[in-house]
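Below, each chain spelled out in residue letters.
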Amino acid sequence: MKEAIRIIGIDPGLRRTGWGIIETLGNSLRFVASGTILSDAKLDLASRLCQLHDGLAGVIHDQKPHESAVEHTFVNKDATATLKLGQARGIALLVPALAGLKVAEYAPNAVKKAVIGVGHGEKKQIHMMVKVLMPKAMFDTDDAADAIAVAICHAHHRQSAIGRLLIEQKLAAMA
C-alpha cells in the first residue's frame, strides 16, 4: 500500500503567514493541521522576517511535510507594501527549501480554480469549499484557510503530474 504524502500549503504575508497541512493518498485528502504565524508590527522588518522564518521552521519540524506549496503574491498599488510582501514570500520559499522540500508555486487564480472550480471567487467560497472537501478542517484565520487551499491545489496538480508521468512511462515502454 502506498504511503500518504503530507503537503504544507503556505499563504505568505508579513503580518500573518498562514499554513495548512494536508495528506493525500490517491484521490483522498485529509486535513492534518493549520495555523497562522504572526509577526510583531512594532519590530523592524528584519526581526519580523526572522519571526516568520522561525515560525515556519517550527511548523515544518513538528509536522514533517514531504512537499510544500506557496501561493504567488499579487502586486498592489503600494510599492513598499509589495516589496515587504515579496520579502515575506521569500521566507515562505526559503524555509521549506532549507528543510529539503520541493517547493511548488501557484497563482491565486490556480488555487481558486482547484478549490472552487473557477479562477475568480470570494474568500467565503474558498472557505466553504475547503470545508466541503475536508469537513474536519479547522482554521483560525483567512490566511490559514487560504494555505489549506494552496495545499489542496498542489495535491490536485501533483496527481495530474504523476498521471502524465505514468502515461509517458507506458508509452516509452511500448516503443
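Residues numbered from 1 in each chain as written. Predicted model: local features only at pLDDT ≥ 70, side-chain atom pairs only at ≥ 80, totals over all residues. Heavy atoms only, no water.

Named according to an unreviewed UniProt entry, the protein is Crossover junction endodeoxyribonuclease RuvC originating from Phyllobacterium ifriqiyense. The UniProt entry for the protein carries this comment under Catalytic activity (unreviewed entry): "Endonucleolytic cleavage at a junction such as a reciprocal single-stranded crossover between two homologous DNA duplexes (Holliday junction)." The UniProt entry for the protein carries the following text under Subcellular location (unreviewed entry): "Cytoplasm". (UniProt positions renumbered as here; feature names shortened; annotations may be inferred.)

A. Examining the UniProt feature "binding site: Mg(2+) 2" (unreviewed entry) in the protein more closely. When the UniProt feature table is mapped to this numbering, "binding site: Mg(2+) 2" (unreviewed entry) covers E71. Residue E71 is classed as buried on the basis of its relative accessible area of 11%. Not counting residues up to four positions away in its chain, the partners in contact with E71 are I10, D11, P12, R89, Y106, P108, V111 and V150. (Buried < 20%, exposed > 50% of the residue type's maximum accessible area, 1.4 Å probe, protein only. Contact = heavy atoms within 4.5 Å.)

B. Region of the structure containing the environment of L133. Mapped onto the fold, L133 is located in helix α4 (residues 123-133). Excluding residues within four positions of it along the chain, L133 makes contact with V115 and I152. (Helix = DSSP H or I, 4+ residues; strand = E, 2+ residues; numbered from the N terminus.)

C. Summary view of the pairing of strand β4 (residues 67-71). The buried fraction of β4 amounts to five of the five residues, a majority that puts the element mostly inside the structure. Covered by surrounding structure in β4 are E67, A69 and E71 together with S68 and V70, the residues of both alternating faces. Of the pairings in the sheet, the one linking strand β1 (residues 5-11) to β4 comprises four bridges and is parallel in character. Counted as the bridge partner of I8 is S68 from β4. (Pairing = 2+ DSSP bridges.)

D. Here's a closer look at the layout of surface pockets. Here the largest pocket defines a volume of roughly 670 Å³. Considering the residues around the largest pocket, the lining is formed by 24 residues, among which P12, G13, F74, L85 and D143 are closest to the centre. In terms of residue count, the dominant contributor to the lining of the largest pocket is helix α3 (residues 108-116) (four residues). A per-class count over the lining of the largest pocket returns eight nonpolar, five polar and eleven charged. (1 Å grid on protein atoms, 1.4 Å probe; cavity = no way out; pocket = protein on both sides within 12 Å on 5 of 7 lines; lining within 4 Å. Points joined across faces, edges and corners; volume = space filled by probe spheres on them. Nonpolar A, V, L, I, M, F, W, Y, C, P; charged D, E, K, R; others polar.)

E. Quick look at the side chain of E23. Topologically, E23 is positioned in strand β2 (residues 16-25). Among the polar contacts listed, one links the side chain of E23 to the side chain of R6, at a separation of 2.8 Å. Residue contacts for E23: discarding those within four places in its chain leaves A4, I5, R6, S28, L29, R30 and V32. (Polar contact = N/O pair within 3.5 Å; in protein donor to acceptor, adjacent residues only side chain to side chain.)

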